[in-house]
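Chain and residue survey
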Amino acid sequence: MYVVMNELHVPPEGRENVAERFSKSAEKMKEVPGCLDFMFLHPANGEHDQVVLTKWSSKEDYHNWINSQSFKDAHKKRRENLDESPTQGNTIFEYEAVHHLE
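Attention in this report is confined to the structure presented alongside it. All values derive from a computational prediction rather than experimental measurement.

**Let's talk about the pattern of salt bridges**
Enumeration according to the criterion identifies one salt bridge in this entry. The salt bridge partner of Glu 27 is Lys 30, with a shortest N-O separation of 3.1 Å. The pair formed by Glu 27 and Lys 30 is uniform in burial state, with each residue classed as exposed.

**Quick notes on the side chain of Ser 68**
Mapped onto the fold, Ser 68 is located in the loop between helix H3 (59-66) and helix H4 (69-80). What makes Ser 68 buried here is its relative accessible area of 18%. Within the structure, Ser 68 has its side chain in polar contact with the backbone oxygen of Trp 65 (distance 2.7 Å).

**Observations concerning the environment of Gln 88**
Within the secondary structure, Gln 88 is located in the loop between H4 and strand E4 (89-96). The spatial distance from the C-alpha of Gln 88 to the C-alpha of Pro 11 is 7.8 Å, given a sequence separation of 77 residues. Sequence-distant contacts of Gln 88, defined by excluding residues within four places in its chain, comprise His 9 and Pro 11.

**Describing H3**
Buried within H3 we find Asp 61, Tyr 62 and Trp 65. Taken down its axis, H3 places every buried residue within 100° of arc, on the same side.

**Describing the sheet that holds strand E2 (residues 35-41)**
Here we have four strands laid out as an open sheet, ordered E2-E3-E1-E4, and antiparallel in their pairing. If you trace the sheet from one side to the other, it starts and ends with E2 and E4, each paired once. Sheet twist, expressed as the mean angle between neighbouring strand axes with direction ignored, is 15°. Note: strand E1 (residues 2-9) against E4, eight bridges, orientation antiparallel.

The rules we used
Residues numbered from 1 in each chain as written. Predicted model: local features only at pLDDT ≥ 70, side-chain atom pairs only at ≥ 80, totals over all residues. Heavy atoms only, no water. Salt bridge = Lys/Arg side-chain N within 4 Å of Asp/Glu carboxyl O. Buried < 20%, exposed > 50% of the residue type's maximum accessible area, 1.4 Å probe, protein only. Helix = DSSP H or I, 4+ residues; strand = E, 2+ residues; numbered from the N terminus. Polar contact = N/O pair within 3.5 Å; in protein donor to acceptor, adjacent residues only side chain to side chain. Contact = heavy atoms within 4.5 Å. Arc of directions from axis to C-beta. Pairing = 2+ DSSP bridges. Axes fitted to C-alpha atoms, helices over the stretch in contact; angles between N-to-C directions.

Below, the structure is given as structure tokens:
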């Protein structure tokens, strides 16, 4: 299993906006080959960044997704409206899951 964590750097006043934007993503991700799970995580105490956590069957499945036209289309609106987006940046972490529950 391959796990990707996208840490979104968003000021507190923009977090509801970002959460709303991602609300539609979970259903769409069900259709992506190799995507096992999609989670949008909102910090419980408000002190941390929001996180998009995805689980993949393999590293190859994840890279197929980020290189796909569907991925480009899903992120096009944000690229075109950077000045309107509350997201100030992001950091992506990729992991091989060595141990996990089945």
